[in-house]
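Residue-level structural notes
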Amino acid sequence: MWETLGFSKNPYDANPLKPTKDDVDLLIGRVEDGIKFGTIIESANRGTILISGLPGVGKTSFFNVQQYLMESGEAAFGKKIISARSLCSIQTGDKSIDIALRVLHNTCRNIAEFCKSRSFAIPGKAYEIFEWLNGKRGGGFNFSLSIAGFGGGGGKQVQLPAPKDSSFEVLQIILSSIVEEAVTLLDIDGIFIALDNAENLDDEGISAILMSFRDTFFTIENIWWIVIGQTGLSSLIQVLDPRVAERMTGGIELTPITADELHTAIDRRVERFHQAEKGKAPLTQDVHDFLYESSLGEIRFVFKYASSICTEFVSQARSAIMKQIGSLDKLGGTAIRTRIDTLIGSVLVNNQIPSNHSMDIVRKIISEEINNLGLRHKERDVLKRIGENGTATQSEFKLYGLNSGQDFSSNYLSKFHKQHLLAKSQEGRRVHYSLRGIAAIAGRFNLFDGASKA
Ligand SMILES: Nc1ncnc2c1ncn2[C@@H]1O[C@H](COP(=O)(O)OP(=O)(O)O)[C@@H](O)[C@H]1O
Ligand SMILES: [Mg+2]
């Protein structure tokens, strides 16, 4: 469908940028953050760095681009570190041992892919352990350790049990020997291991995992651990466990890119993916700005809804033509496609979807999404009023016809915040909430009056 709009590929692709040469130029801004990151890495030969920020602000993309620059040696400074091409995504309910096994698996894969990209042979240990993890080496598989403190350089043989029966200590020894071998053989300073989406665990879960990694995995030489999570991750860890916080090498909190940077980001993608020489973005700048403001600068939101507007626009054109054609289905594919293209061409203004048309579509999409949330009448009413008032605090419960601040906070404010319907900001001890994302749009279009459950 992107061809219909003149593109070889979706310019609003909302997936994170990858650690590849092609994607480096698509990252806009983040210069200061990149310098900070490189400097932290340069300052030691191992460490744990937190990258935090709101969902969709660009954490994974930022990290991936930094990884590419370091692995390729294109960074102005920093070290030569093998990219974590696969990130270890943290899942709800994960235990330390689950993550440890995933880490080992991904590390072997990441080393193998690095070697493949350089036409190097895969180091023996990474290869053997990968097979062991995948059940291709029976029980009692002999693994030779060669790291200092675990049998010396002589190559002591140990028998490994099945992966799921291995202790945390055994996995730590395995990981150290794989990395040591990689550093010796591959002319690199270390490897990245990334734990992504730490926010999928509750506070206790994060705390438990960081505690068990603190004196084990996080101490291994030549490994750079990157923990990616929610905004405020670093102060959360400080509160949860100062001992873990002390072990952290540094933290980077990413704030939203500016509206100008967003425009540049879109221009760059349009330039790359438009089939015409001086092609334009499918949507007008005021629609990009509208999405940017509604989401408080969350780029993933902008891209996701920009894509949806385009998809809806093309589907509407297609249905219109199919309805017109009706029984004349003898026309054939090519003729139908030509008609659709003609219709789309006639609706576009300067090759863009006109703003008012995009806004009608946004309204329709958001209205459906709000309905799908199945909000109760009272909930809709509260959201509507927060929109009218601009912000809300717990102490204003009476304004919303509620009996207590506790009720307002737990059943409305906190709940809506978790659903990404409210943004939270703190001013001293006062916590303010305001509509964000689809709720902000629903507020502007008065969509909270629609049908609701009871
Ligand atoms: N600095 C940036 N410049 C251009 N595009 C970006 C930038 N940061 C993020 N993006 C785009 O925004 C979307 C969300 O980014 P992502 O890294 O997945 O966010 P997060 O990991 O914080 O949830 C992706 O489509 C990504 O390509
Ligand atoms: Mg991410």
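Each chain has its residues counted from 1, running along the sequence as written. Key to labels: chains lettered from A, ligands numbered from 1, both in the order written. This being a predicted model, a pLDDT of at least 70 is required before a residue's local features are given, and a value of 80 or more before pairs of side-chain atoms are given or counted; all residues contribute to the totals for chains, interfaces and linings. Based on all heavy atoms of the structure, the side-chain values leave hydrogens and waters out of the count.

1. Observations regarding the pairing of strand 10 (residues 430-435)
Whether two strands pair comes down to DSSP finding at least two bridges between them. Labels follow the DSSP assignment, with helices taken as runs of H or I lasting at least four residues and strands as runs of E lasting at least two, numbered in each case from the N terminus. As defined by bridge partners, strand 9 (residues 422-427) adjoins strand 10 across 6 bridges and the pair is classed as antiparallel. Opposite Gln-426, over in strand 10, you have Val-431 as the bridge partner. Counted along the chain from strand 9 to the antiparallel partner strand 10, the turn is 2 residues long, and its residue Gly-428 has a positive phi close to 60°.

2. Comments concerning helix 16 (residues 405-418)
The classification of residues rests on relative accessible area computed with a 1.4 Å probe and restricted to protein chains. Under 20% of the type maximum is buried, over 50% is exposed, and intermediate values are partly exposed. Looking only at helix 16, the buried set comprises Gly-405, Phe-408, Ser-409, Tyr-412, Leu-413 and Phe-416. For helix 16, the angular spread of the buried residues around the axis is 135°, confining them to a single face. Residues of helix 16 that are exposed and point more than 90 degrees away from the buried face comprise Gln-406 and Lys-418. Contacts were defined at the residue level, with two residues in contact if any of their heavy atoms lie within 4.5 Å. Tucked into the core, helix 16 has its buried residues touching helix 15 (377-389), strand 9 and strand 10. Looking one or two residues beyond helix 16, the residue adopting positive phi is His-420, at roughly 65°. It is the directions from the helix axis to the C-beta atoms that the arc portrays.

3. Remarks on the domain arrangement of the protein
Throughout the structure description, domain borders are defined by an automatic or database domain assignment. Segmenting the protein into domains produces domain 1 (30-253), domain 2 (258-366) and domain 3 (374-449). For domain 1 and domain 2, the distance between their C-alpha centres works out to 41 Å.

4. Points about the site of ligand 1
The environment of ligand 1 is made up of 22 residues, and the closest members are Ile-28, Lys-59, Thr-60, Ser-61 and Arg-269. Contact distances for ligand 1 include 2.8 Å between a nitrogen atom and a backbone N or O atom of Ile-28. Protein contact buries 98% of the 560 Å² of open area that ligand 1 shows by itself. Taken together, the elements giving at least two residues each to the shell around ligand 1 come down to helix 3 (59-72), helix 10 (259-273) and helix 12 (299-325). Classes in brief: Ala, Val, Leu, Ile, Met, Phe, Trp, Tyr, Cys and Pro nonpolar; Asp, Glu, Lys and Arg charged; the others, Gly included, polar. In terms of residue class, the shell around ligand 1 is made up of 12 nonpolar, 5 polar and 5 charged. Two domains share the shell around ligand 1, each providing at least three of its residues, namely domain 1 (30-253) and domain 2 (258-366). Here a residue is near a molecule or strand as soon as one of its heavy atoms is found within 4 Å of it. Counting of polar contacts relies on pairs of N or O atoms within 3.5 Å, with two restrictions inside protein: one atom must be capable of donating a hydrogen and the other of accepting it, and residues adjacent in sequence are counted only when both atoms are side-chain atoms. The method behind every accessible area is Shrake-Rupley, applied with a 1.4 Å probe, and residues are considered shielded solely by the protein chains displayed.

5. Some details on unusual backbone geometry
In this structure, Asp-187 is a non-glycine residue whose phi angle is positive, near 55°. Mapping Asp-187 onto the fold places it in the loop between helix 6 (168-186) and strand 6 (190-196). On the basis of relative accessibility, which here comes to 60%, the residue Asp-187 falls in the exposed class. The residue Asn-222 is not glycine, and still its phi comes out positive at about 65°.

6. Quick notes on the layout of surface pockets
Of the grid points, spaced at 1 Å and generated over the protein atoms alone, those admitting a 1.4 Å probe that cannot get out make up cavities, while open sets with protein on both sides within 12 Å along at least five of seven lines make up pockets; any residue with an atom within 4 Å of a point is treated as lining. Grid points are joined across faces, edges and corners, and a volume is the space filled by probe spheres set on the points. Empty space within the largest pocket amounts to approximately 910 Å³. Considering the residues around the largest pocket, the lining is formed by 28 residues, among which Leu-54, Gln-230, Thr-231, His-417 and Lys-424 are closest to the centre. Breaking the lining of the largest pocket down by element, the ones donating at least two residues are helix 7 (203-214), helix 8 (233-240), helix 16 and strand 9. Looking at the lining of the largest pocket element by element, the count peaks at 4 residues for strand 9. Taken together, the residues of the lining of the largest pocket break down into 14 nonpolar, 8 polar and 6 charged. Among the domains, domain 1 (30-253) and domain 3 (374-449) are the pair contributing at least three residues each to the lining of the largest pocket. For the second largest pocket, the calculated volume is near 530 Å³.

7. Details of the environment of Arg-300
Mapped onto the elements, Arg-300 comes out in helix 12. Sequence separation between Arg-300 and Asn-15 is 285 residues; the distance between their C-alpha atoms is 8.0 Å. Those residues in contact with Arg-300 that lie beyond four places of it in its chain are Ala-14, Pro-55 and Gly-56.

8. Quick look at the side chain of Ser-295
Counting through the fold element by element, Ser-295 comes out in the loop between helix 11 (285-294) and helix 12. Only 3.0 Å separates the side chain of Ser-295 from the backbone oxygen of Leu-291, close enough to count as a polar contact. Beyond its immediate sequence surroundings of up to four residues, Ser-295 is in contact with Phe-301, Val-302, Arg-436 and Gly-437.

9. Describing the environment of Leu-50
Mapped onto the secondary structure, Leu-50 falls in strand 1 (residues 47-52). Using a relative accessible area of 3% as the deciding quantity, one classes Leu-50 as buried. In sequence terms Leu-50 and Arg-118 are 68 residues apart; their C-alpha atoms lie 29 Å from each other. Among all residues touching Leu-50, those that are not within four sequence positions of it are Val-227, Leu-233, Ser-234, Ile-237, Met-248, Gly-250, Gly-251 and Ile-252.

10. Examining the packing of helix 10 against helix 12
Contact geometry for helix 10 and helix 12: axes closest at 12 Å, N-to-C directions at 45°. The orientation of helix 10 with respect to helix 12, classified from their angle, is oblique. Here helix 10 and helix 12 pass one another in a crossing that is right-handed. For the pair formed by helix 10 and helix 12, the contact residues are Leu-262, Ile-266 and Arg-269 on the first element and Ile-299, Val-302 and Phe-303 on the second. Think of each axis as a best-fit line through the C-alpha atoms, taken over the contacting stretch in the case of a helix, with angles from 0 to 180 degrees between the N-to-C directions. For classification purposes, an angle smaller than 35 degrees is called roughly parallel, one larger than 145 roughly antiparallel, one from 65 to 115 roughly perpendicular, and anything else oblique. Handedness of a helix crossing follows the sense of rotation of the near helix relative to the far helix, less than a right angle counterclockwise being left-handed and clockwise being right-handed.

11. Focus on the packing of aromatic side chains
Centres within 6.5 Å are what make two rings of Phe, Tyr or Trp a pair, Trp counting through its six-membered ring; a difference in plane orientation under 30 degrees is then read as stacked, over 60 as edge-to-face, and the rest as tilted. A full pass over the atoms with the stated rule returns 18 aromatic pairs. With centroids separated by 5.6 Å and ring planes inclined at 50°, the aromatic side chains of Phe-168 and Phe-213 adopt a geometry described as tilted. Of this pair, Phe-168 sits in helix 6 while Phe-213 sits in helix 7, placing them 45 residues apart in sequence. Take Phe-168 and Phe-213: they sit in the same class, and that class is buried. Here the aromatic residues Phe-168, Phe-213, Phe-217, Phe-218 and Trp-225 are joined through ring pairs into a cluster of three or more.

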